[in-house]
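Structural characterization, general
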Amino acid sequence: MSVKVSPSILASNFSSLGEEVQSITKAGADYIHVDVMDGHFVPNLTIGPAVVKSIRDKSDIPFDVHLMIDPVEPYIEGFVNAGADIISIHPEANDDTDACLKKIKSHNVKAGLAINPNTDWEVVKPYMNVLDLILVMSVHPGFGGQKFISSTLDKLKALRKEIDQSGRDIELEIDGGINFENIQSVIDAGANVIVAGTTVFTGGQSEYANNIKKLRGK
Ligand code: DX5
Ligand code: ZN
């Protein structure tokens, strides 16, 4: 199974965000991971659709948008129009998960479900027929640079089995605390899309290609 790297721009230099997105694309990223936080669902604030739209033409690879917001539904169209290719939402938000996933799909955008460390993996079961991606949080959402929670590995294994049994083409993404030392363990547990913020953006633009290569084990 080929592994995709989705650098989280949360760890990039926000004063030159467009250039950072260009640079990470040239360095070999597969997706651009965009962390959207509302200061309510998570204790941090980041960016909204206007910023996503402003950087969309800096790269031709898919934008993997992770919404850590509640409510979700009123903002879906904004992120679709901003150019999101994949939109992941959290079932822990109080919004109607089923309706939000259907709304994302109605725009021909891929739909993902992102689950927190304390959320049981079985929460995905009712949505297996619509999901394109499952995002497993391996840190508590809100901030980059946190330590990987190792009990996530069992969750990945269970989800890999569930996906394989479904026969559907669903990506399994891992997000939080991924570094050169632990990446192989998440791949072995079944992840095929790897989000990495701190690890990719460390050392400045001249290091991005090396960091991505090293994550791929090359
Ligand atoms: C956390 C975000 C992650 C995070 C990844 O709420 O969803 O995408 O920024 O950053 P690192 O790789 O630094 O843990
Ligand atoms: Zn994320």
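Structural notes, computed from the coordinates. These numbers were taken from a predicted model, which means no experiment stands behind them. (Residues numbered from 1 in each chain as written. Chains lettered and ligands numbered in written order. Predicted model: local features only at pLDDT ≥ 70, side-chain atom pairs only at ≥ 80, totals over all residues. Heavy atoms only, no water.)

Here we look at the site of ligand 1
The condition that has to hold: The near set for a molecule or strand comprises every residue that places at least one heavy atom within 4 Å of it. Residues adjacent in sequence count toward polar contacts only when both atoms are side-chain atoms; beyond that, a polar contact is any pair of N or O atoms within 3.5 Å, and within protein one must be able to donate a hydrogen and the other to accept it. Put simply, DSSP H or I for four residues or longer makes a helix, DSSP E for two residues or longer makes a strand, and each gets a number counted from the N terminus.
Taken together, 20 residues lie near ligand 1, and D35, G142, D175, G197 and T198 sit nearest. Contact distances for ligand 1 include 2.8 Å between an oxygen atom and a backbone N or O atom of G142. Every element with two or more residues in the shell around ligand 1 is listed here: β2 (32–37), β3 (63–68) and β8 (193–196). In terms of residue count, the dominant contributor to the shell around ligand 1 is β2 (3 residues).

Structural notes on the coordination of the zinc ion (ligand 2)
Quick reminder of the rule: Distances define the donors: N, O and S atoms within 2.8 Å of the metal qualify, as do those within 3.2 Å of Na, K or Ca. Water is excluded, so some sites may look unfinished. In these descriptions, tetrahedral denotes four donors with every angle between 85 and 135 degrees, square planar four donors and octahedral six donors with opposite donors over 155 degrees apart and the rest between 65 and 115, and irregular any other case.
At this site the zinc ion (ligand 2) is bound by H33 (NE2), D35 (OD), H66 (ND1) and D175 (OD), with donor distances of 2.0 to 2.3 Å. Seen from the zinc ion (ligand 2), its 6 donor atoms lie at angles of 66 to 167 degrees, and the figure they make is octahedral. Sequence spacing among the residues donating to the zinc ion (ligand 2) works out to H-x1-D-x30-H-x108-D. Of the two residues, D35 sits in strand β2 while H66 sits in strand β3, which places them 31 residues apart along the sequence.

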